[in-house]
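# Coordinate analysis (summary)
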Amino acid sequence: MAASAVPGYSPGFKKPPATLRLKRKRLRRNEPAAAPLPCGAAPPPPSAPARRNPFSSLDNAPRAAGTPQPRERGRRPPPPASGSPSAAPFWQVGPSPVPSSPRHEFPADWSLKTRLLFMSSQPFTWAEHLKAQEEAQGFAQHCRATETNLPEHIQEPKVSTELRCAFQQSLVYWLHPSLPWLQLFPRIGADRKIVGKATPWSQDEALQQVLMSDWSVSFTSLYNLLKAKLCPYFYVCTYQFTVLFRAAGLAGSDIITAVVSPTTRGLREAMRSEGIEFSLPLVEESRTRKQKNSEVNLETEVANTPSDDDDESFSWLEEMGVQDKVKKPDTISIKLRKEKHEVQVDHRPESLALVKGTNTFTLLNFLINCKSLVAVAGPQAGLPPTLLSPVAFRGGTMQTLKETVCKDLAACGLHPKTLHQLSQRPTLGKSSIRFLEMKDYAYTWKS
C-alpha cells in the first residue's frame, strides 16, 4: 500500500517534538475550560481518549477499527466496566450462583467445610445441654435412618424433644481410621497439626500394612454401600487430594460418579495408565465459555497443536532426500505439547477430574494399590487416608460434629428434602457457598 494512500501517515517524521507540540496545542484549543475544583476534591477523569504513543510501534500507520492497540509502557489498562462480560473474575465458570431474589432452596455445595457459623434472630439455647435420653434417641434415629418431620413453627424450642433429638441426629457422621489424639481432617496441609504427635506406625512397616489392610476393607465396604444405594456419598481425604464418591441419582447423574480434586499431570497419567476414563469438566466448561465470549482465539491453539498427521507433514523432506538429516519430534515431545494446557491447571480447582460408571470401581482398585496415596515421609508418613461418611460402614467410628432423587435412595439415611437437594445437578462450578442467609424460609447466598 502506498504511503500517500493512508491519511495521517508521515513517512518522514523528522521532528517528533514539533509534531507532538502541534497536537497538544490543537487538543488544548478544542477543550473547554475546566471549572475550578473545591478544596480536597479529586479531579474528574479526562473525557478525551488517551493518545497512542507514536513510538510504541515501528509502523506509524493508523490501525483499522477493531485492531487492538499496543499498550504504552508504564500505563495500566483501564478496568472494565461493571456491566461488561469481561468484568467477571477469570475463575468464575458459568452463570453467577447468586440469585436475584430469595429462593426456598439453595444449590448443593459438595465442598467439605471445617467450620460453619449459624446466625439467627432467635437464640440457640435450645440446642445446648441435651438430655441423655435425647442424645440416645438422636443416635438411634440416625442409625435407623428415621425420618423426622418437624412443624415449620415451634413455639417453645426448649421444650420440644423432637427438635432436640433431630438436632442430635443431624450431627452424626462416621470416620475411619479413628485416632483420638490426631485431627484426621483436613489432611491437605495438616502436617503442622500432626507434627509432634505420637505416630508409632511411621517407622513400623508391619503396622503400616495392618493399617492399610484395615483401611482397604472399610473403603470397599463404603463402595458396596454406595453401589447398593444405602450410602449417598462418602469422601476419601488424602494428604494430596480428595475424592468424592456419589451414588447414582445424585448430582444429576443416573450412574455412580467420583470427583478427584486437585489433580496433577502425574496423577492423571497414572489413572490413564490403569485404564480409568475421566474428564476435566471445569477445563472444558471454561474453554467453551472463553470461546463464546471470544476471549481466546482457539484457532491459533489448534493450529499449534500437533495432530495425528504429524508424520505426513514431513513428507516433503523425503521428496528432497534430507529426511535423515532432520530430526523429527519424538512421540514423547508431541504428547507433552498436547497436554500443555492440562499442566497449567495442576493443583488448581480446574484440575478436578470426573469419573463415571464402572470406571469408579477401577478407581477404587487404583486407590487401594496406589503407593503414592500414603505419605512416605513427614508427620503423615504411613497414615492411611481419612474416610468420611454420613452412614455407618465396616470399621467406621461414630463421631458427632462439635457445637458452633431416586426412590431407591430412600433408605440411605438422609432426610428426603436433603436427598432431593443433593440429587440436583451441581451449579456452583468450582465455587463454594461462603454466606447463606435464611429469612421467612427463603435462602439467599454468596459464593
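The coordinates are above.
What counts as what
Residues numbered from 1 in each chain as written. Predicted model: local features only at pLDDT ≥ 70, side-chain atom pairs only at ≥ 80, totals over all residues. Heavy atoms only, no water. Helix = DSSP H or I, 4+ residues; strand = E, 2+ residues; numbered from the N terminus. Areas by Shrake-Rupley, 256 points an atom, 1.4 Å probe, with all protein chains shown as cover. Disulfide = S-S within 2.5 Å. Pairing = 2+ DSSP bridges. Buried < 20%, exposed > 50% of the residue type's maximum accessible area, 1.4 Å probe, protein only. Contact = heavy atoms within 4.5 Å. Arc of directions from axis to C-beta. Salt bridge = Lys/Arg side-chain N within 4 Å of Asp/Glu carboxyl O.

In terms of helices and strands, the protein carries 13 helices and 10 strands. Surface exposure of the protein reaches about 30300 Å², of which carbon and sulfur atoms provide 54%.

With that out of the way, let us pick up the state of the cysteines. A complete count under the given rule lists zero disulfides for this structure. Of the cysteine sulfurs around Cys412, a residue in no disulfide, the closest is that of Cys231, at 7.8 Å.

One open sheet holds the eight strands; their spatial order is 5-6-4-3-2-7-1-8, and the pairing between them is antiparallel. Because the sheet does not close on itself, it has two edges, and the strands there are strand 5 (278-279) and strand 8 (397-400).

Before going further, it helps to spend a moment on the environment of Phe106. Along the chain, Phe106 falls in the loop between helix 1 (16-30) and helix 2 (132-143). Judged by its relative accessible area of 22%, Phe106 falls in the partly exposed class. Each residue touching Phe106, except ones within four places of it in the same chain, is listed here: Gln421, Ile433, Leu436, Tyr443 and Trp445.

Okay, helix 12 (residues 359-369) next. Looking at helix 12, one finds that the buried residues are Asn359, Thr360, Leu363, Leu364, Phe366 and Leu367. Across the axial projection of helix 12, the buried residues extend over an arc of 165°, all falling on one side.

Below, the discussion takes up the pattern of salt bridges. Using the criterion set out here, one finds five salt bridges in the structure. Across the pair Lys113 and Asp109 runs a salt bridge, and its minimum N-O distance is 2.8 Å. Its relative accessible area of 22% is what places Asp109 among the partly exposed residues. Linking Glu269 and Arg272 is a salt bridge whose minimum nitrogen-to-oxygen distance equals 3.6 Å. In this pair, Glu269 and Arg272 both sit in helix 6 (residues 265-273), three residues apart, roughly one turn of the helix.

What is shown is where atoms sit, not what they do.
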